[in-house]
Amino acid sequence: MDNVYSLLAFVLLAGMILGSALLVVTLRNLVHSVLWLIVMFIGVAGTFLLLNADFVAAVQVLVYAGAVCIMLVFGVMLVQRPNMEHSNPINWRFKLAAPLVGGLFIVIGLLTAKSQLVVSGQEVPAQTVQALAPILLNDFVIPFEVAAILLTVALTGALLLVKEVKANGNGS
């Protein structure tokens with residue numbers, strides 16, 4: 001009976017992810033698109049929880065739904081457009097991309113239906129973080145710190161660019 005509930009949860013999460021992703025690219029208001037992007041990231045975190053990857057789900061919520069989307073909202077609010085109603089216009093490429101994405105979706109669905117899925121017989125470890133922490137903080141400490149510095153520099157640069165535009169009077 002547990003598999004039925006897992007399947008139902010997966011179908012609901014997949015519907016939530018696909019629906020919110022569609023709203024991200026079709027809504028005309030950029031702020032609403034970013035809010036639906038947060039919903040999509042939380043749905044992906046729920047999928048990770050179904051796979052018993054609790055650490056990856058927590059990182060998904062903290063990094064993507066939290067930090068990235070808040071930075072996007074922060075950037076949108078710093079731009080100070082007088083009217084956000086049509087800040088995310090749909091252009092002519094949408095008419096080209098929609099059938100292309102639909103065809104790709106059908107091809108991926110057919111290939112998935114024909115593939116042989118192999119289920120691993122191994123159990124998922126109960127403590128996933130204890131095995132990951134030494135790898136991140138011992139073996140990959142330099143790339144971990146470089147990524148942190150790169151994100152800090154990118155955010156500082158974005159704030160300096162916005163501050164410079166406001167100082168010149170070109171912000172409105």
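Residues numbered from 1 in each chain as written. Predicted model: local features only at pLDDT ≥ 70, side-chain atom pairs only at ≥ 80, totals over all residues. Heavy atoms only, no water.

Engineer: A description of the overall build of the protein should follow, citing residues and the corresponding values.
Structural biologist: Secondary structure assignment for the protein yields six helices and zero strands. Counting from the amino terminus, helix and strand elements in the protein follow one another as α-α-α-α-α-α. Per-residue burial over the protein gives 15% buried out of 172 residues. Across the protein, every contact between residues at least 6 apart in sequence was considered, and the portion connecting residues at least 24 apart equals 67%. As displayed, the protein offers around 13200 Å² of accessible surface, 73% of which is attributable to carbon and sulfur atoms. (Helix = DSSP H or I, 4+ residues; strand = E, 2+ residues; numbered from the N terminus. Buried < 20%, exposed > 50% of the residue type's maximum accessible area, 1.4 Å probe, protein only. Contact = heavy atoms within 4.5 Å. Areas by Shrake-Rupley, 256 points an atom, 1.4 Å probe, with all protein chains shown as cover.)

Engineer: Outline helix 4 (residues 93-114), supporting the account with residue identities and numerical values.
Structural biologist: The first and last C-alpha atoms of helix 4 sit 32 Å apart over 22 residues, in line with the 32 Å expected at 1.5 Å per residue. Burial analysis of helix 4 places just zero of its 22 residues in the buried class, a small minority of the element. (Expected span 1.5 Å × (residues − 1).)

Engineer: I'd love a proper account of the packing of aromatic side chains, names of residues and values included.
Structural biologist: For the coordinates displayed, the defined rule picks out one aromatic pair. Residues F41 and Y64 carry aromatic rings whose centres are separated by 5.2 Å and whose planes lie at 40° to one another, so their mutual orientation is tilted. You can see F41 sitting in helix 2 (residues 30-50) and its partner Y64 sitting in helix 3 (residues 54-79), a full 23 residues away along the chain. When its relative accessible area of 39% is taken as the criterion, Y64 is described as partly exposed. (Phe/Tyr/Trp six-rings, centres within 6.5 Å; stacked < 30°, edge-to-face > 60°.)

Engineer: Describe in detail unusual backbone geometry, supporting the description with residues and values.
Structural biologist: Even without being a glycine, N52 presents a positive backbone phi close to 60°. Summarising the element assignment, N52 is placed in the loop between helix 2 and helix 3. By relative accessible area, N52 is classed as partly exposed at 49%.

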